[in-house]
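Here is what each chain is made of, one letter per residue.
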Amino acid sequence: HEPGNVAATLELADLCLAGRRPDCALGTLAPAIARAPADHRLHAKRALALAEHFEPAPAHVAVEKALALCDAGSVVPCGEGEKARLGLIKAMLGR
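Now for a description of the structure that goes with this document. (Residues numbered from 1 in each chain as written. Predicted model: local features only at pLDDT ≥ 70, side-chain atom pairs only at ≥ 80, totals over all residues. Heavy atoms only, no water.)

1. Examining the overall build of the protein chain
Scanning the protein chain from N- to C-terminus turns up 5 helices and 0 strands. When the helices and strands of the protein chain are placed in sequence order, the string is α-α-α-α-α. Its C-alpha radius of gyration of 12 Å places the protein chain within 12% of the 12 Å reference for a compact globule of 95 residues. Along the first, second and third principal axes, the C-alpha set of the protein chain runs to 30 × 30 × 20 Å. Put simply, the protein chain has 95 residues, and 38% of those count as buried. Relative to all contacts within the protein chain whose residues are 6 or more apart in sequence, the contacts with residues 24 or more apart total 55%. Per element, the accessible surface of the protein chain, about 5,200 Å² overall, is 58% carbon and sulfur. Across the protein chain, the centroid of the 11 positively charged side chains sits 3 Å from that of the 11 negatively charged ones. (Helix = DSSP H or I, 4+ residues; strand = E, 2+ residues; numbered from the N terminus. Rg over C-alpha atoms; globule rule 2.2 N^0.38 Å. Buried < 20%, exposed > 50% of the residue type's maximum accessible area, 1.4 Å probe, protein only. Contact = heavy atoms within 4.5 Å. Areas by Shrake-Rupley, 256 points an atom, 1.4 Å probe, with all protein chains shown as cover. Lys, Arg positive; Asp, Glu negative; His and termini not counted. Charge placed at Lys NZ, Arg CZ, Asp CG, Glu CD.)

Quick look at the structure:
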């Protein structure tokens, strides 16, 4: 997969998470985030992978980043439904 292809990265990360391999998802997401740091979707997926990896503090930071990008102009549109889902993830992380 190509780290610059965000759609492929997100799909691969989903497959990793579905296979209960958050380490795989994190490894897939890291180079993509380095290339596209203003894409909220990558940070949101990273938050899920970190939570699955039992790392709540970094997961909280990642979901906060995703929410901030949604509010401040992510490179892709962030709808109200997506903001609500990110808010739910944040609430589930307990902070």
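2. Remarks on the nonpolar core
Residues A25, L42, V63 and L86 are the most contacted members of the largest nonpolar core, which totals 26 residues. Put simply, the parts of the chain that give this core at least two residues each are α1 (6-18), α2 (22-35), α3 (40-52), α4 (56-72) and α5 (80-92). Take this core: its biggest share by element is 6 residues, from α4. Those residues in contact with A25, other than ones at most four positions away along the chain, are A13, C16, L17 and A49. (Core = buried A, V, L, I, M, F, W, Y, C linked by side-chain atoms within 4.5 Å.)

3. Regarding α5
A rise of 1.5 Å per residue sets the reference length of α5, with its 13 residues, at 18 Å; its end C-alpha atoms lie 18 Å apart and thus fit the reference within 8%. After α5 finishes, the residue G94 shows a positive phi value of roughly 80°. (Expected span 1.5 Å × (residues − 1).)

4. Quick notes on the pattern of salt bridges
Using the criterion set out here, one finds 7 salt bridges in the structure. Between D23 and R21 there is a salt bridge, with its nearest N and O atoms 3.3 Å apart. On the accessibility criterion, D23 (40% relative accessible area) is partly exposed. With a closest N to O distance of 3.8 Å, K83 and E80 form a salt bridge. Separated by 3 residues within a single helix, K83 and E80 lie in helix α5, roughly one turn from each other. A relative accessible area of 60% places E80 in the exposed class. (Salt bridge = Lys/Arg side-chain N within 4 Å of Asp/Glu carboxyl O.)

5. Notes on the environment of M92
With respect to the secondary-structure elements, M92 resides in helix α5. Separated by 36 residues in sequence, M92 and P56 have C-alpha atoms that sit 9.8 Å apart.

6. Some words on the state of the cysteines
In this structure the tally under the stated criterion is 2 disulfides. Covalently, C16 is tied to C24 through a disulfide, its sulfur atoms 2.0 Å apart. Of the residues examined, C24 reaches a relative accessible area of 27% and is grouped as partly exposed. Shown here is the disulfide that connects C70 with C78, its sulfur atoms set 2.0 Å apart. For the disulfide bridge between C70 and C78, the dihedral angle about the S-S bond is near 70°, and by the sign convention the bridge is right-handed. Residue C70 is classed as buried on the basis of its relative accessible area, which comes to 9%. (Disulfide = S-S within 2.5 Å.)

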